[in-house]
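If you want the building blocks of each chain, they are given just below.
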Amino acid sequence: MKPSLLLVDGSSYLYRAFHALPPLNNSQGEPTGAVYGVLNMLRKLSADTQPKYIALVFDAKGKTFRDELFERYKAQRPPMPDDLVRQIEPLYAIIQAMGLPLISLSGVEADDVIGTLAIQAAAQGMDTLISTGDKDFAQLVNGHITLINTMTNTVLDRQGVMEKFGITPEQIIAYLTLAGDAADNVPGVPKVGPVTAVKWLNQYGTLANIVAHAQEIPGKVGENLRAAIPLLPLYQQVLTIKCDVALPCTLLDLQPRAPDVAALRQLYQRMEFKRWLADLGKDISPAQNNTPAPFACALPYKGEGRGEGGKIAGTQAPNPPPAAPVTFETPGSIEELQNWAAAQRAATTLTLALETSDAQGRANVAGGRTPGATGADYMRDELTGLALQTGEGAALYLAFTDVLPREAALGALRALLQDAAVEKRGHDLKFALNVLARYGVDLQGLRFDVMLESYVLDSTATRHDLAALCEKYLGAKATDACAQRLSALQRLHELLWPQLQKIAPLKKLFTEIEMPLIPVLARIERAGVGVDVRLLNAHSEQLAARLKQLEDQAYQMAGQMFNLSSPQQLQGILYDKLGLPVLKKTPKGQPSTAEEVLRELALDYPLPKLILEQRTLSKLKSTYTDRLPEQVNSVTGRVHTRYHQAVTATGRLSSSDPNLQNIPVRGEEGKRVRAAFIAPAGYQLLSADYSQIELRIMAHLSGDARLKHAFAGNQDIHKATAAEVFGVKLEQVSAEQRRAAKVINFGLIYGMSAFGLAKQLGVPREAAQQYMTLYFARYPGVQAFMERTRAQARQQGYVETLYGRRLYLPEINSRNGQLRQYAERTAINAPMQGSAADIIKLAMLRIDAWLQQNKFNARMIMQVHDELVFEVAEQDCGALADAVRRLMTGIEGLSVPLSVDIGIGRNWAVAH
């Protein structure tokens, strides 16, 4: 495997090398065996994988947050042997002299740093290889993250985890929680070992579901489970790799730099590594295909934008503005606070940061978390303090106490916070707006959100939480102190805003779309959506019954009972017992039971088809029908998602808790989940969905005459394409031809190859290639657009949407073919997807303004991809439908008409 990013669990390497090799010493008696072992494994691994980015991560001295959570954590471990302690300093020195990034952070473990980097990379579509012998890392494995154990030379991808453990990577944390982890001194449930843990997880799916059904588990092991339930959340927290650590670097900083040969020569002489000393006359760079670059923790923007290949343009980076000294006032009474607020009547700007705590009393400074991360709940978190600073230099820090009660304090500040003439600055102002709204404060005058400034400037340059921004642009860690964050916010704004001002389309995007969208999204979030809990519970029970039927049918087909979720057992049934053909093998050489293999087998054999249905229904049950009732707010009786503006690369909104973007659309069972989203008595749900918007954007961007003509004539675009590709009259297009044309239409704008198209259509590759050739022959403007876009992306390093949003493509000129092809596919799709995102955001702004102005008895309650959902009084459905269609189709910028499908019903399934 040649990953983009290689992460080495240095602490794991260190211990294994120390214990695996016989004691080695140099002539001075200094121990050298562990250093030699680590470097030997590292040199081989980096030469084999040749990653573009690499980091060696080690545990730091001292306790971590887990020691505070669980006093027995790793208490059984003896102290590090002296001979090993003595080898850490020379090992670190050699690694750094080799030019390799080394990270060791206090307060967290190496696992947490690795997890954070791996998740960041996966979010950017980068493939990561984690080199470790620690089974805990299996919880991170996904389509972009793979493990390798260099001692045993085994690789664990998603299928490998399932084959080794009998469960999915998503279930590993629950598995460790139940079975315990002796290495970490976490006991788990007494008498519950790996076999029982796997059995329960295959039966119930999740830890929460196991706990919910604890009464059903018989015998002593059931008693032990029920007795351990109060401790399981603690065990789970301790065993979960923390993936939102504030890091001293970004992914872009992890390129190896040129080795310091003089320093290496001195260190190798000291260690007496004679063979490596002799190699110093040769090129010893572990990643010879990488351009040497210094390892730095902060890379501010240079010049106006990015130049060729996505590199930062310009010659000199602007230095971040210095931190100005600030003296914070801390009023001792409400009267003093009132006097401070009155003195700010002439203030023109106000920077703010909130302090909140969750139900367990854990503090959370607003803006300090990763967008999309759990732990910050605008509907439940308690406001415990805030810090304010005016542009004129007056600063205030307030922690609510008996002397300064929250309601009275907010009353004193209400006029200042609600004054729209005072421009507000901050990070993640939507969170602040929502929290303050629960206390009767309508935050007005939102002008600058540094999270969105960073995101609009370059969505892929970094994460956009405050910690990441401080590290990237200021070269410093963000403090947990609410008041001290104001200085960072101001410095970030002074650095980012001038860069946005230099690029007129980005400035307009920020000021006219992203910032105005904050209060719109906040209103949608606070509105929430009603769900029918009884319907979901009934659906769960029916799914459980259907899953039991499928299991019984599978046993009959197989002629024996087996664990449907166990890759090993399924492998034995399908291939050894039933003799099905082996279409693909795992890295270990075993017949694969991966989903794509089962789908191919399901075309000819009944059991693989049944297994696929069982997997789909099991995921539906655990993810939706079981989980949604738990997410109903106890005060409002509704589900309140969180929308994230600064997560996706293309500008699309994402959501979490629940993730509305992932609720199934197709299939009867998916429709039943949507049917649980309901309107209250006297109201209906109205769904307004842009029809084929990305294809319409393609028609506009490509200027293809036939494609534009089809949309202008309001034709069925898939039938029109089928007629063109298959050479038949429009009225003669069959349902199968239309389906194939739909796959072709959408496949090509997503950069699908002939091989991928063949798999989607179930036809030979030659036939798929012929379809593509015919398509481009009939729509030459589309092919010209694709070629033109690739060339522009290679030349300037980014592509743009209709409204000027940029997506930088740092791998567009990569020598790695896979990375380059992925960047090229992204270059084609991003203008369509990003433009669609901009259009629906503009529609949301216009519709929200219309609703506010007309005081209409309706509210916007959901945004899902290209769809908006409203809750509207029954008598007003027709008027709202007319207004929404007019406003959504009236967005300017396209040379083809926009079309909106509108549906109305008591639940989302009927409306959609």
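Notes on the structure follow. None of the values given here were measured: they were computed from a predicted structure. (Residues numbered from 1 in each chain as written. Predicted model: local features only at pLDDT ≥ 70, side-chain atom pairs only at ≥ 80, totals over all residues. Heavy atoms only, no water.)

1. Regarding the overall build of the protein
Here is step 1: Along its length, the protein carries 35 helices and 23 strands.
Here is step 2: Taking 2.2 N^0.38 as the reference for a compact globule, 912 residues should give roughly 29 Å; the C-alpha atoms of the protein span a radius of gyration of 29 Å, in line with that estimate.
Here is step 3: Expressed as lengths along the three principal axes of its C-alpha atoms, the size of the protein is roughly 90 × 80 × 65 Å.
Here is step 4: A buried classification covers 55% of the 912 residues belonging to the protein.
Here is step 5: Partitioning the intrachain contacts of the protein with sequence separation of at least 6 by distance along the chain shows that 70% fall at a separation of at least 24.
Here is step 6: For the protein, the exposed surface amounts to about 38,500 Å²; the carbon and sulfur share of it is 51%.
Here is step 7: Taking the average place of the 96 positive charges on the side chains of the protein and the average place of its 93 negative ones, the gap between the two points comes to 4 Å. (Helix = DSSP H or I, 4+ residues; strand = E, 2+ residues; numbered from the N terminus. Rg over C-alpha atoms; globule rule 2.2 N^0.38 Å. Buried < 20%, exposed > 50% of the residue type's maximum accessible area, 1.4 Å probe, protein only. Contact = heavy atoms within 4.5 Å. Areas by Shrake-Rupley, 256 points an atom, 1.4 Å probe, with all protein chains shown as cover. Lys, Arg positive; Asp, Glu negative; His and termini not counted. Charge placed at Lys NZ, Arg CZ, Asp CG, Glu CD.)

2. Considerations on the nonpolar core
Here is step 1: The biggest cluster of nonpolar side chains holds 182 residues, and the ones touching the most others in it are L413, F677, Y690, M862, F870 and L880.
Here is step 2: With residues up to four places along the chain from it excluded, the contact list for M862 reads I524, V529, Y643, L660, F677, E867, L868, V869 and W908.
Here is step 3: In this structure, F70, L117, L156 and L207 belong to the second largest nonpolar core, which totals 59 residues. (Core = buried A, V, L, I, M, F, W, Y, C linked by side-chain atoms within 4.5 Å.)

3. Remarks on the sheet that holds strand β6 (residues 154–156)
Here is step 1: Taken together, six strands build an open sheet; the order of strands is β3-β2-β1-β4-β5-β6 and the sheet is mixed. Here the strands that pair on one side only, and so sit at the sheet edges, are β3 (102–103) and β6.
Here is step 2: As defined by bridge partners, strand β1 (residues 5–9) adjoins strand β4 (residues 128–131) across four bridges and the pair is classed as parallel. Of the residues in β4, the one forming a bridge with V8 is S131. (Pairing = 2+ DSSP bridges.)

4. What about the pairing of strand β5 (residues 145–149)?
Here is step 1: Burial analysis of β5 places five of its five residues in the buried class, the great majority of the element.
Here is step 2: Across the two faces of β5 the burial is the same, with I145, L147 and N149 and T146 and I148 all buried.
Here is step 3: Where β4 meets β5, four bridges bridge the pair, whose relative direction is parallel. Bridge pairing in β5 links S131 to I148.
Here is step 4: Alignment of β5 against β6, held across three bridges, turns out to be antiparallel. For N149, the partnering residue across the bridge sits in β6 and is T154.

5. Examining the packing of helix α30 (residues 754–761) against helix α31 (residues 765–778)
Here is step 1: One can describe the packing of α30 onto α31 by two numbers: an axis separation of 8 Å at closest approach and a directional angle of 110°. Between α30 and α31, the angle is such that the two are roughly perpendicular. Along its contact with α30, which presents A754, F755, L757, A758 and L761, the element α31 presents R765, A768, Q769, Y771 and M772.
Here is step 2: Class assignment of the residues belonging to the contact of α30 with α31 gives a composition of eight nonpolar, one polar and one charged. (Axes fitted to C-alpha atoms, helices over the stretch in contact; angles between N-to-C directions. Parallel < 35°, antiparallel > 145°, perpendicular 65-115°, else oblique. Nonpolar A, V, L, I, M, F, W, Y, C, P; charged D, E, K, R; others polar.)

6. Thoughts on the packing of aromatic side chains
Here is step 1: In this structure the tally under the stated criterion is 17 aromatic pairs.
Here is step 2: Between the aromatic rings of F677 and W908, the centroid separation amounts to 5.3 Å while the plane-to-plane angle is 70°, which identifies the pairing as edge-to-face. With a gap of 231 residues between them, F677 in strand β17 (residues 677–678) and W908 in helix α35 (residues 908–911) connect regions that are remote in the sequence. Side by side, F677 and W908 carry an identical accessibility label, which is buried.
Here is step 3: Counting every residue linked through ring pairs, the aromatic cluster contains Y36, Y268, F273 and W276.
Here is step 4: For the cation-ring pair, K242 lies above F65, with the distance from its terminal atom to the ring centre recorded as 5.9 Å.
Here is step 5: The ring of W908 carries R674 above its face, with NZ or CZ at 4.0 Å from the centroid. (Phe/Tyr/Trp six-rings, centres within 6.5 Å; stacked < 30°, edge-to-face > 60°. Lys NZ or Arg CZ within 6 Å of the ring centre and 35° of its normal.)

7. Remarks on the side chain of R652
Here is step 1: The topology assignment puts R652 in the loop between β15 (642–644) and β16 (654–656).
Here is step 2: A polar contact of 2.8 Å, which involves the side chain of R652, links it to the side chain of E694.
Here is step 3: Polar contacts involving the side chain of R652 include one to the side chain of D866, which spans 3.5 Å.
Here is step 4: Setting aside residues no more than four positions away along its own chain, R652 makes contact with Y455, H644, E694, Q833, A836, A837, H865 and D866. (Polar contact = N/O pair within 3.5 Å; in protein donor to acceptor, adjacent residues only side chain to side chain.)

8. Re the pattern of salt bridges
Here is step 1: Within this structure, the stated rule accounts for 41 salt bridges.
Here is step 2: For the salt bridge of K242 with D244, the shortest nitrogen-to-oxygen distance reads 3.0 Å.
Here is step 3: Under the relative-accessibility criterion, D244 is labelled partly exposed at 31%.
Here is step 4: Measuring nitrogen to oxygen at the nearest pair gives 3.1 Å for the salt bridge that ties K621 to D626. When sorted by exposure, K621 lands in the same class as D626, which is buried.
Here is step 5: Through salt bridges with shared partners, one network takes in E514, R805, D838 and K841. (Salt bridge = Lys/Arg side-chain N within 4 Å of Asp/Glu carboxyl O.)

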